[in-house]
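What follows is the residue order along each chain.
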Amino acid sequence: MPFFTTGMIGYIEGSVISKDEKSLVIITGGVGYRVFTSNESIAKNPKSLSLFTHLAVRENALDLYGFESKEELSFFELLLTIPGIGPKSALSILNMAHVDTLRSAIGSGDVSYLTKVSGIGRKTAEKIILELKDKIGEIAKEENISMKETSDAILALVSLGYSERDVRETLKQIGKNELSTEELIKEALKNLGK
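Please read these numbers as outputs of a predicted model, since none were measured by experiment.

Chemist: What is the right way to look at the packing of aromatic side chains in this model?
Modeler: Any aromatic ring pair is given by two values, namely how distant the centres are and how the planes are angled relative to each other. Considering all chains together, one arrives at four aromatic pairs under this definition. The interplanar angle of 45 degrees and the centroid separation of 4.7 Å between the aromatic rings of Phe67 and Phe76 together place this pair among those described as tilted. The pair formed by Phe67 and Phe76 is uniform in burial state, with each residue classed as buried. Among the aromatic residues, ring-to-ring pairing joins Phe36, Tyr65, Phe67 and Phe76 into one connected group.

Chemist: Whenever I open this one, the side chain of Asp63 confuses me. Can you help?
Modeler: One can find Asp63 in strand 6 (residues 61–67). Here the side chain of Asp63 touches Arg58 through a polar contact of 2.9 Å, side chain to side chain.

Chemist: What should I look at first to understand the pairing of strand 4 (residues 31–36) in this one?
Modeler: Each regular strand displays side chains that alternate between the two surfaces of the sheet. Looking at chain direction, strand 3 (residues 23–28) and strand 4 are connected through six bridges and run antiparallel. Pairing of Val25 across the sheet is with Arg34, part of strand 4. Remark: two residues form the turn of the hairpin made by strand 3 and strand 4, two consecutive strands paired antiparallel; Gly29 in that turn has positive phi of roughly 60 degrees. Judged from the two bridges that link them, strand 4 and strand 6 form a sheet pairing that is parallel. Following the sheet pairing, Val35 is matched in strand 6 by Leu64.

Chemist: Please explain helix 3 (residues 87–96) as it appears in this structure.
Modeler: Residues spaced three or four apart along an α-helix point in a common direction, a consequence of the helix completing one turn every 3.6 residues. Counted residue by residue, helix 3 has seven buried out of 10 residues, so it is predominantly covered. Pro87, Ala90, Leu91, Ile93, Leu94, Asn95 and Met96 are the residues of helix 3 that are buried.

Chemist: Can you walk me through the nonpolar core in this structure?
Modeler: Note on soluble globular proteins: their nonpolar side chains tend to be buried together. Within the largest apolar cluster, 30 residues are counted, with the highest numbers of intra-cluster contacts made by Phe75, Phe76, Leu79, Leu94, Ile106, Leu114 and Ile128. Put simply, the parts of the chain that give this core at least two residues each are strand 6, helix 2 (70–79), helix 3, helix 4 (99–108), helix 5 (111–118) and helix 6 (122–142). Listed in part, the 11 residues of the second largest apolar core include Ile12, Val16, Ile42 and Leu51.

Chemist: Quick question: what am I supposed to make of the pattern of salt bridges here?
Modeler: Where side chains of opposite charge bring their charged atoms close, a pairing between them can arise. Tallying each qualifying case throughout the model produces six salt bridges. Residue Glu71 is joined to Arg103 by a salt bridge in which the shortest nitrogen-to-oxygen separation is 3.2 Å. Of this pair, Glu71 sits in helix 2 while Arg103 is found in helix 4, placing the two residues 32 residues apart along the sequence. Glu71 sits in the partly exposed class, given a relative accessible area of 33%. Take Arg103: its relative accessible area is 11%, and that puts it in the buried class.

Chemist: What am I meant to see in the packing of helix 2 against helix 4 here?
Modeler: Axis angle and axis distance: for two packed helices, these are the angle between their axes and the distance between the axes, and together they describe the pair. Direction vectors running N to C along helix 2 and helix 4 enclose 40 degrees, while the axes themselves pass 10 Å from each other. One finds that helix 2 runs oblique with respect to helix 4. As for the relative orientation of helix 2 and helix 4, their crossing is left-handed in sense. Across the interface between the two elements, Glu71, Glu72 and Phe75 of helix 2 pack against Val99, Asp100, Leu102, Arg103 and Ile106 of helix 4. By residue class, the composition of the contact of helix 2 with helix 4 is four nonpolar, no polar and four charged.

Rules and cut-offs
- In this convention, every chain numbers its residues from 1, walking through the sequence in written order.
- A pLDDT threshold of at least 70 governs which residues receive local features in this predicted model, and a stricter bar of 80 or more applies before side-chain atom pairs are shown or counted, although totals over entire chains, interfaces and linings include all residues.
- For side-chain calculations, the full set of non-hydrogen atoms in the structure is used, while hydrogens and water are omitted.
- By convention, a stacked pair of Phe, Tyr or Trp rings (six-membered ring in the case of Trp) has centres within 6.5 Å and planes under 30 degrees apart, an edge-to-face pair has planes over 60 apart, and any other such pair is tilted.
- Per-residue accessibility, obtained with a 1.4 Å probe over protein chains only, is compared with the maximum for each type, and a residue is labelled buried under 20%, exposed over 50%, and partly exposed between these values.
- Per the convention used, a helix needs a DSSP run of H or I reaching at least four residues, while a strand needs a run of E reaching at least two, with both numbered from the N terminus.
- Two N or O atoms form a polar contact when they lie within 3.5 Å of each other; inside protein one atom must be a possible hydrogen donor and the other a possible acceptor, and for residues adjacent in sequence the pair counts only when both atoms belong to side chains.
- In this scheme, strands are said to pair when DSSP sees at least two bridges between them.
- Residue types Ala, Val, Leu, Ile, Met, Phe, Trp, Tyr and Cys, when buried and joined through side-chain atoms within 4.5 Å, form a set referred to as a nonpolar core.
- A side-chain nitrogen of Lys or Arg and a carboxyl oxygen of Asp or Glu constitute a salt bridge if their distance falls within 4 Å.
- To define axes, lines are fitted to C-alpha atoms, for helices over the stretch in contact only, and angles between the resulting N-to-C directions are given on a 0 to 180 degree scale.
- Should an angle lie under 35 degrees it is considered roughly parallel, over 145 roughly antiparallel, and from 65 to 115 roughly perpendicular; all remaining angles are considered oblique.
- Here a crossing is called left-handed whenever its near helix is offset anticlockwise from the far helix by less than a right angle, and right-handed whenever the offset is clockwise.
- Only heavy atoms enter the contact rule, under which two residues are in contact if any of them lie within 4.5 Å.
- Side-chain classes follow a simple rule in which Ala, Val, Leu, Ile, Met, Phe, Trp, Tyr, Cys and Pro form the nonpolar group, Asp, Glu, Lys and Arg form the charged group, and the remainder, Gly included, forms the polar group.

In structure tokens form, the structure reads like this:
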């Protein structure tokens, strides 16, 4: 069973010397660290990068996970408190939707929205809501993200033939602006058409 800690390596800054679809190798102080990170960080193709990190210690491996913001790291670590969700699953969830969007869905207890936006299964969504709703409920109430608009935009874009994964990724990049469903669709179509 894995033991999680952030104490040993909490931050890394250096030059990116290689990458694959799930990780970057960042060289700092003459040592290259393989850091699992978000699709967004990898897609930027940076020459240098600074990341807040989480070290996952297992019996046969030490895996480093990196995040561009403390907010992402905190949410990642919150997901790790849920039985059955390991670092790879937590990173996959964060790859599918913005932290604010996930927090709002969990805080409102909206299972169907969480499955649509993040792409996780219903049982996992229910488990996440059950475990985290009380912890983040108050924060989520303060968020000004309209879940209905995002959910409706996803359905509309998927019905136009776009893949759900591409749509979620595009809406994540648009961010948390207060846009109507129509505006979200319009912005998404600009990005999906590139």
